[in-house]
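Below, each chain spelled out in residue letters.
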Amino acid sequence: MAVNRVPVLKRCRSLELDPIHLGYSKTSKRKNARANRKMSEYGLQLREKQKAKFIYGVLEKPFRNYYEKADRMMTGLTGENLMTILESRLDSVVFRMGFARTRREARQIVGHKHVLVNGKCVNIPSYLIKAGDVIEIREKSKSLQRYKDIVEVTAGRLVPAWMDVDAENFKGTVKNLPTREEIDVPVNEMLIVELYSK
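Predicted, not measured: the structure shown is a model, and the values here were computed from it.

Cut-offs applied
Residues numbered from 1 in each chain as written. Predicted model: local features only at pLDDT ≥ 70, side-chain atom pairs only at ≥ 80, totals over all residues. Heavy atoms only, no water. Helix = DSSP H or I, 4+ residues; strand = E, 2+ residues; numbered from the N terminus. Buried < 20%, exposed > 50% of the residue type's maximum accessible area, 1.4 Å probe, protein only. Areas by Shrake-Rupley, 256 points an atom, 1.4 Å probe, with all protein chains shown as cover. Lys, Arg positive; Asp, Glu negative; His and termini not counted. Charge placed at Lys NZ, Arg CZ, Asp CG, Glu CD. Pairing = 2+ DSSP bridges. Core = buried A, V, L, I, M, F, W, Y, C linked by side-chain atoms within 4.5 Å. Phe/Tyr/Trp six-rings, centres within 6.5 Å; stacked < 30°, edge-to-face > 60°. Lys NZ or Arg CZ within 6 Å of the ring centre and 35° of its normal.

Enquirer: Explain the overall build of the protein chain here, please?
Expert: Counting its secondary structure elements, the protein chain contains 9 helices and 5 strands. Secondary structure elements of the protein chain, listed N to C terminal, follow the sequence α-α-α-α-α-α-β-β-β-α-α-β-β-α. Counting only C-alpha atoms and orienting by the principal axes, one finds that the protein chain spans roughly 50 × 45 × 30 Å. Taking all 198 residues of the protein chain together, 43% fall into the buried category. When the accessible area of the protein chain is evaluated, it comes to approximately 11300 Å², of which 52% is carbon and sulfur surface. Distance between charge centroids for the protein chain: 9 Å, based on 38 positive and 24 negative side chains.

Enquirer: I keep staring at the sheet that holds strand S3 (residues 134–137) and nothing clicks. Help me out?
Expert: Hydrogen bonds between backbone atoms are what pair the strands of a sheet, whose relative direction is either parallel or antiparallel. With respect to topology, 5 strands assemble into an open sheet ordered S2-S1-S3-S5-S4, the strand pairing being antiparallel. Edge positions in the open sheet fall to strand S2 (120–121) and strand S4 (163–166), since each of these has one partner strand only.

Enquirer: How do you make sense of the nonpolar core when you look at a structure like this?
Expert: Soluble globular proteins tend to pack their nonpolar side chains together in the buried interior. By size, the foremost hydrophobic cluster in this structure holds 24 residues, and its most contacted members are Tyr56, Phe63, Leu82 and Leu86. For this core, the elements supplying multiple residues, two or more each, are helix H1 (8–15), helix H2 (41–56), helix H3 (60–72), helix H4 (78–87) and helix H9 (189–196). In this structure, Leu90, Val94, Val115 and Ile150 belong to the second largest nonpolar core, which totals 22 residues.

Enquirer: Would you explain the pairing of strand S5 (residues 171–174) in this entry?
Expert: Taken residue by residue, a regular strand's side chains alternate between the two faces of the sheet. Burial along S5 is one-sided: Gly172 and Val174 are buried, and none of Lys171 and Thr173, which face the opposite way, are. Sheet analysis places S3 next to S5, joined by 3 bridges and oriented antiparallel. Looking across to S5, one finds that Val134 is bridged to Thr173. Examined bridge by bridge, S4 and S5 share 4 bridges and lie antiparallel to one another. When the bridges of S5 are listed, Val165 appears paired with Gly172.

Enquirer: Please explain the packing of aromatic side chains as it appears in this structure.
Expert: Each aromatic ring pair is specified by the distance between its two centres and by the angle formed by the two planes. Counted by the stated rule, this structure contains 4 aromatic pairs. Note on Phe63 and Tyr196: the rings are 6.2 Å apart at their centroids and 35 degrees apart in plane angle, and the pair reads as tilted. With Phe63 in helix H3 and Tyr196 in helix H9, this pair connects stretches of sequence that are 133 residues apart. In terms of burial, Phe63 and Tyr196 fall into one category: buried. Look at Phe99 and Phe170: their rings are 6.3 Å apart centre to centre, the planes differ by 55 degrees, and that puts the pair in the tilted class. Of this pair, Phe99 sits in the loop between helix H5 (90–96) and helix H6 (103–111) while Phe170 sits in the loop between S4 and S5, and the two are 71 residues apart along the sequence. Here the two residues Phe99 and Phe170 agree in accessibility, since each one is buried. For Arg146, the ring lying beneath its charged end belongs to Tyr147, and the centroid distance is 6.0 Å.

Below you can see the structure in the form of structure tokens.
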């Protein structure tokens, strides 16, 4: 399996992205050397795609598959559908519920079989959540110090309106899939659609 080993702050700097969207509170004091260069239309489109891929931790081939799936959907705009699909990935939902400090940690928690979806263990970070699904940390893992520390750190994080979370019991319910207005990710999805529709 391919793993992205690029330092997070370095990548955030090159994409002009705030690390807070990945769950990191640090910021880089360095300036991007290419910040003042004029970028072509293609360069802007490519950067938006790379930004979305980096935030959600998705590689090129699955990202392309998500785009094609979003394009085939009968309702809504392709770009908005794409963002909804990315946001409804299991690792992203675990991060949003506050059961992980960062998106990468959420991916690891899912991969290590600590998460139950509707009472069944799911260890696939790309598993797509549906409206009404109940996500919780398995009973054996709830008592671990790691999760107590995580909840302490993420206690101040705002839980999106499209989910209900019981932080004390490490349990949450997805009331409905998010709309584009409910996703606070700084990505211009229309540029991604333009890039792929060439």
